[in-house]
Amino acid sequence: MQSHRLIKYLALILYLTAFSATSFAQRSAPESIPSPKSVLGFTPGDDRTIAGWSQITDYFERLDRASDRVLVQTLGQSTLKRPMIVAFISARDNILALPKYKEIQQQLADPRKVTQDLQRDRLFANGKTVVAISCSIHSTEIVASQMSMQLAYELATAQDAETREILQNTILLLIPSPNPDGIDIVANWYRKTLGTPYEGREPPELYHHYAGHDDNRDWFMLNLKETQLITRLLWHDWFPQIVYDVHQQGSNGSRFFIPPFYDPPNPNISPVLLRQVGLIGHKVAADLQAAGFKGVLTNALYDTWWHGGFRTAPYFHNSIGILSEAASARLMTPSTVTTEQLARSSTRGMRNATEAMTNFPDPWPAGEWRPRDIMNMEMIAARSILEMASKFRGEYLRNFYELGRENLKQPPNKGDTVAYLIPAGQARDEAVAKLIGSLIDQGVEVFRLDHELHVVLRSQILQRTNPAGEKLGTYKIGGSLSAMQEVPAGSYIVFLTQPQRYNVVALFEPQIYPNRLTPLGEAERPYDVAGWTLPLQMGVDAPAVVTIRETANERKLTLLRDANEVRADLALPLKKGDESPIKNPLKQAVRVGIYKGSVGNMDEGWTRFVFDTFNVPYTSIRDVDMRKGGLNSKFDAVIFPSQAATQIINGNAAGTVPAEYAGGISEAGVKNLKEFVNNGGMLVCFDNACDMAIKEFNLPLRNTLEGVKSSEFYCPGSIVALDVDNKHPIAALLPESLPAYFINSSAFTAAADANVRVIARYAKENVLLSGWLLGEDKLRGQIALTEVGVGKGRVVLFGFRPQHRGQSWATLPFIWNALSSATAATSE
Ligand SMILES: [Zn+2]
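Thresholds applied
Residues numbered from 1 in each chain as written. Predicted model: local features only at pLDDT ≥ 70, side-chain atom pairs only at ≥ 80, totals over all residues. Heavy atoms only, no water. Pairing = 2+ DSSP bridges. Helix = DSSP H or I, 4+ residues; strand = E, 2+ residues; numbered from the N terminus. Axes fitted to C-alpha atoms, helices over the stretch in contact; angles between N-to-C directions. Contact = heavy atoms within 4.5 Å. Salt bridge = Lys/Arg side-chain N within 4 Å of Asp/Glu carboxyl O. Buried < 20%, exposed > 50% of the residue type's maximum accessible area, 1.4 Å probe, protein only. Donors = N, O, S within 2.8 Å, 3.2 Å for Na, K, Ca; no water. Tetrahedral: all angles 85-135°; square planar, octahedral: opposite > 155°, others 65-115°. Expected span 1.5 Å × (residues − 1). Polar contact = N/O pair within 3.5 Å; in protein donor to acceptor, adjacent residues only side chain to side chain.

What exactly am I supposed to notice about the sheet that holds strand β17 (residues 485–487) here?
Judged by pairing direction, the sheet is antiparallel, and its seven strands sit side by side in the order β17-β14-β19-β12-β18-β13-β20 without closing on themselves. Strands with a single pairing partner mark the edges of an open sheet, and in this sheet they are β17 and β20 (557–559). Strand-to-strand twist of the sheet, defined as the mean angle between neighbouring strand axes without regard to direction, takes the value 45 degrees. Contacts from helix α16 (residues 501–508) reach β12 (419–422) and β18 (492–495), with the element oriented near 55 degrees to β12.

Structure, rendered in structure tokens:
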């Protein structure tokens, strides 16, 4: 055994002993460092080749064994039980001393751990810039996962001075994919369809068991195992100064997007971070240009408003988040792009992909586009970022530390928010436990009050006006400005004076999205949702505190270490292992079917996620089952997650997918569904799926937002207020006013004499609670949730998304109440 192997092995044992819960690849005799080609039989990025997850993990294990610059750690298991891995890549000496560098990062991340200037300066002098690179979270954006092997190999073997300098000054956390299940879904599909007419098409299923593309919409809610494991790696253990998330975009626009981002910026991101993002982005763009690549775009399309992505979460941990989006080929098959296609491709910040602009100085001239082009650009980008991380190591460490230190200062003005409270006794214990658990899991400090506190709460009514002073809406959370009041022991408090201050602010405050219109007066679409305020979405009361009577020394508080402490406080069953501990909320056994069509539907996935989380049994109903019929013998209730009627009825068009994936429920399915309801079944539709029920069942309702121009009405992912009739069994025990998630959703009016029972309406005033709502008058007082009798059965229509991304817990009780009453319908 060579001495370096022995030392690394000993260091590993030390590391394992000190930090546990990790496992590493088996150590064995040294070997020469294998190239990806020597292991896979092809070079990653070659046309029509693809490595699945076991090939990727096998390669990284070999690299770990062979190279003293590489150490591979298993983080845990994915949703479908594949290993999640990270490769640490750095100079040999750094790899041997990883625990030391992790300790430095943890001190830099929390300046309260640094008591003297000398200690601080030592951290700056000795620390390394920690960079995380994550590949192919979106599995059809497959090239980066393949690229990861080549990048690791080159860093493990290069001997030039520049690479050595990078390895000396940085520690790379390379995540070959944060969605291993998806890599195999795509790789298996690609191999199966290679050489068929379907080669290069995307698989007709979600590439994450629950979330599909929304696997990158979960970084503050932490519903998914993958997000939980990587959040622990990044924001409990390693606190990278730079996070680079590698994606692909559509095929016909720019060849490569890299920041600076487009407007609007999130107001809770430090301007220093946005400038550093821009600096790194321009370095990448310049290096790509110098290497002869065309079609690089900056300052367009992608914005930093929304909080829950892999590349946006870092800002709320005082780190730099970088995104790149390479133009896609057809999975690993080359594609041809024409000038006409480029000319038709237009987006915010880019008139079209043939026209030179300052932020797009060198359009790509059309032609063949290969996976290799994508991979080469991503390799250059990764290298540029590492070079910056290395050259400006001291600055990155200092900026990171200073942002954390700044956040520890008391808010400057009297009347500023100093904390948020989660008062005891909300009768929403599971939601409270989940909210606090998600906060703790992402490293936010939450304290329990072991003794009462006396506080003044902030007036939480925010008026929103446009620049002309015209009132646009009112955001309201919690009560009005209070006199000094007592908060009981057992409540929870989240202070702003913590390193992650702006994560707290951005999660607890309402989002006030700027009114952005195109020159034609239409709404300019944000990149993702406009509002997400977490306590609101979850129906948890979380007022802001402006004054606390007790001094810091007088307060009796306990810092919570994990979600189970909250569950224990609230006398909820504890979480053990992977099982969700939540008790099935249905009042009796109900046979539930959830429609799962041939077109992958994220809302369907999240519906399953919510049912699994709440341990409510269900069966997925496929198109073929719908066409077959006999639904009453199997189900009391059938749920259609949000999906367009044409997709439900027609499914994938024949010829676009292999025959077994073509077709929808068809007219036969519609007929069987009508029979099901007429015989006493309950049909439940979410958002877009209501359209199908209204038209096919000829219900006396109309979606008032259908066909309305975005200049008149627009609401892209926001929280709105409902007025609830809680005398209706479906709203039993709910408050009269409730927040609901609206994402280009629906609102109904009923025919005058119709036999329709309204359960909730959009509020008569102050509809918007968080996000963006253009044309509030179109929503005011319209029907949001209703029940219509059909034959012996019922149709329940949700205009909004009651289970959006597994986040909108405020409205989940509607679903449980509806299902609890489903057997009553059957037995009538
Ligand atoms: Zn993507």
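Having seen it, we continue.
Sorry, what's going on with the pattern of salt bridges here?
When their charged atoms lie close together, side chains carrying opposite charge are able to pair. In total, this model carries 45 salt bridges according to the counting rule given. Across the pair Asp46 and Arg372 runs a salt bridge, and its minimum N-O distance is 2.5 Å. With Asp46 in the loop between α2 (36–40) and α3 (53–66) and Arg372 in helix α13 (residues 371–391), this pair connects stretches of sequence that are 326 residues apart. On the basis of relative accessibility, which here comes to 25%, the residue Asp46 falls in the partly exposed class. In this structure, a network of salt bridges that share partners links the residues Asp214, Arg217, Asp528 and Arg805.

Please explain the coordination of the zinc ion as it appears in this structure.
Four donors placed tetrahedrally around a metal ideally meet at 109.5 degrees, and six donors placed octahedrally ideally meet at 90 or 180 degrees. Protein ligation of the zinc ion involves His138 (ND1), Glu141 (OE), Glu141 (OE) and His247 (ND1), the donor distances falling in the range 2.1 to 2.5 Å. Each of the four donor atoms around the zinc ion contributes to a set of angles spanning 55 to 148 degrees, which defines the coordination as irregular. Every donor residue of the zinc ion comes from the same chain, spaced as H-x2-E-x105-H. Of this pair, His138 sits in the loop between β4 (129–135) and α7 (143–157) while His247 sits in strand β6 (residues 242–249), placing them 109 residues apart in sequence. Overall, His138 belongs to the buried group, its relative accessible area being 3%.

Where do I start with α7 in this structure?
A turn of α-helix holds 3.6 residues, and therefore any two residues three or four places apart point the same way. Over its 15 residues, α7 runs 22 Å from end to end, which matches the ideal 21 Å to within 8%, given 1.5 Å per residue. Taken across its 15 residues, α7 has 13 buried, putting it largely inside the fold.

What is the right way to read the pairing of strand β32 (residues 793–798) from this model?
On a regular strand, each side chain points to the face opposite its neighbour's, so the side chains alternate between the two faces of the sheet. Judged by how many residues are buried, β32 sits mostly within the fold: six of six residues are covered. Burial along β32 is two-sided: the residues Gly793, Val795 and Leu797 and Arg794, Val796 and Phe798 are all buried. Two strands pair when backbone bridges link them, and strand β24 (residues 682–686) and β32 are joined in this way by five bridges, in the parallel orientation. Residue pairing for β32: Leu683 is matched across the bridge by Val795. Counting the residues between successive antiparallel strands, the hairpin from strand β31 (residues 783–790) to β32 contains two residues, one of them, Gly791, with a positive phi of roughly 55 degrees.

Help me understand the environment of Val590, please; the structure alone is not making it clear to me.
Tracing the backbone through its elements, the reader meets Val590 in the loop between α18 (563–569) and β21 (592–595). Each C-alpha atom of the pair Val590 and Ser821 lies 8.8 Å from the other, and the pair is 231 residues apart in sequence. For Val590, the contacting residues outside a window of four places in its chain are Asp636, Leu819, Ser820, Ala822 and Thr823.

Please clarify how the side chain of Asn652 should be interpreted in this entry.
Considering the arrangement of structural elements, one finds Asn652 in the loop between α21 (645–650) and α22 (666–678). Residue Asn652 is classed as buried on the basis of its relative accessible area, which comes to 15%. Within the structure, Asn652 has its side chain in polar contact with the backbone oxygen of Tyr661 (distance 3.0 Å). Discounting residues that sit within four places of it in the chain, Asn652 has contacts with Pro204, Ser598, Val599, Val657, Tyr661, Ala662 and Gly663.

Where do I start with unusual backbone geometry in this structure?
If a residue is not glycine, its phi is most likely negative; likewise, a peptide bond is most likely trans. The step from Pro259 to Pro260 runs through a cis peptide bond, and the omega angle for that step is 10 degrees. As for its position among the elements, Pro260 is in the loop between β7 (256–257) and α11 (271–290). Residue Pro264 is reached from Asp263 by a cis peptide bond, and omega for that bond is -5 degrees. Positive phi, normally seen in glycine, also occurs at Ser136, with a value near 55 degrees. Relative to the assigned elements, Ser136 resides in the loop between β4 and α7. Residue classification places Ser136 among the buried positions, given a relative accessible area of 0%.

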